[in-house]
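# Secondary and tertiary structure notes
Residues per chain are reported as follows:
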Amino acid sequence: MSGSLPLRLVLASASPARRKTLQAAGIEPDVLVSGVDESLVVTDRAEDLCLELARLKAQAVLTRLRPSDDQRTLVIGCDSVLEFDGEIFGKPAEPAEAVRRWERMRGRSGVLHSGHCLIDIVAESRAEAVASTTVHFADVSDDEIAAYVATGEPLAVAGAFTIDGLGGPFVERIEGDPGTVVGLSLPLLRRLLAELDLRITDLWTKVAPGNQSVEPLT
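About the thresholds
In every chain, residue numbers begin from 1 and rise along the written sequence. Local features in a predicted model are, by the rule used here, given only for residues with pLDDT of at least 70; side-chain atom pairs are given and counted only at 80 or more, and totals for whole chains, interfaces and linings are based on all residues. Side-chain numbers here rest on the full set of heavy atoms in the structure, without hydrogens or water. Under the scheme used here, helices are H or I runs from DSSP no shorter than 4 residues and strands are E runs no shorter than 2 residues, and both carry numbers assigned from the N terminus. Atoms counted for the radius of gyration: C-alpha only. Globule rule: 2.2 Å times residue count to the power 0.38. Buried residues are those whose accessible area, probed at 1.4 Å on protein chains only, stays under 20% of the maximum for their type, while exposed residues exceed 50% and partly exposed ones sit between those limits. Paired strands are those between which DSSP finds at least two bridges. Summary of the metric used: pLDDT quantifies the predictor's per-residue confidence within the range 0 to 100. It only takes one pair of heavy atoms within 4.5 Å for two residues to be counted as in contact.

## Quick look at the overall build of the protein
- Each helix and strand in the protein was counted, giving six helices and nine strands.
- Relative to the 2.2 N^0.38 estimate, which gives 17 Å for 218 residues, the radius of gyration of the protein is 18 Å and therefore close to what a compact globule would have.
- When the backbone C-alpha atoms are referred to their principal axes, the protein occupies close to 55 × 45 × 25 Å.
- Burial analysis of the protein (218 residues in total) assigns 44% to the buried set.

Laid out in structure tokens, this is it:
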């Protein structure tokens, strides 16, 4: 294991998809919601926006944590936006907006950007970057758009779509890492950890058969 202390990863996000992505990769994060007001950051560049928000989320959670003598704590903040026709699409404010977006996006493509900011509390170091993936949307019908928006899912996610939920059938294909579209890129996380002289394998955990307890993977 890198270093002498066990690693703890704190996810500065309420996103169940990001947590599930980490869990599926053998990482059991603690979750602390940042509470950052996303409207405070204004920029015309999608990459700058998602990275600055990821940075603010990580820093907000960092202020609520204290270094520990028996573990090395890392905080990961993430934020995602869709760049489409030169515009930045975050979460739709209302169903009508989600419908209008899908009427524009169907049969076309956009780029989903996810900013990542990883902070090591003990070492007081930081690594950050943006992952980008091109998304090709299906040519969905008006009825499909109405049904999808009525579920409420598009209102809760950047770009008004998912690939790991109800929106999956409406995405024809992607060019890049699927995790980027979900909101957390595991290959990028691995590279950010390496910048901090850490290995992603040091975060692996295992669940004992028959219960939910999680222990370090040896």
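## Quick word on unusual backbone geometry
- One non-glycine residue, D85, lies in the positive phi region at around 50°.
- Relative to the elements of secondary structure, D85 occurs in the loop between strand 3 (72-84) and strand 4 (87-89).
- The partly exposed category is assigned to D85, whose relative accessible area is 45%.
- Positioned with a positive phi, A160 is a non-glycine residue whose angle comes to about 70°.
- Its location among the elements puts A160 in the loop between helix 4 (142-150) and strand 7 (171-175).
- On the basis of relative accessible area, A160 is assigned to the buried category, the value being 0%.

## A short note on the pairing of strand 5 (residues 109-120)
- For strand 5, a buried count of ten out of twelve residues is recorded, marking the element as mostly surrounded by other parts of the structure.
- Where strand 3 and strand 5 come together, ten bridges link them in antiparallel fashion. Note that in strand 5 the partner of E83 across the bridge is V111.
- In this structure, strand 5 lies alongside strand 6 (residues 125-137), joined through twelve bridges in antiparallel fashion. The residue of strand 6 that forms the bridge with L118 is A127.
- In this structure, the hairpin formed by strand 5 and strand 6 is closed by a connection of four residues, where E124 is found at a positive phi of approximately 55°.

## A look at the confidence of the model for the protein
- Per-residue pLDDT for the protein averages 92, and the proportion of residues at 70 or more is 93%.
- Overall, residues 208-218 carries pLDDT values under 50, and its contacts beyond four positions in sequence, including any with other chains, amount to 16 contacts.

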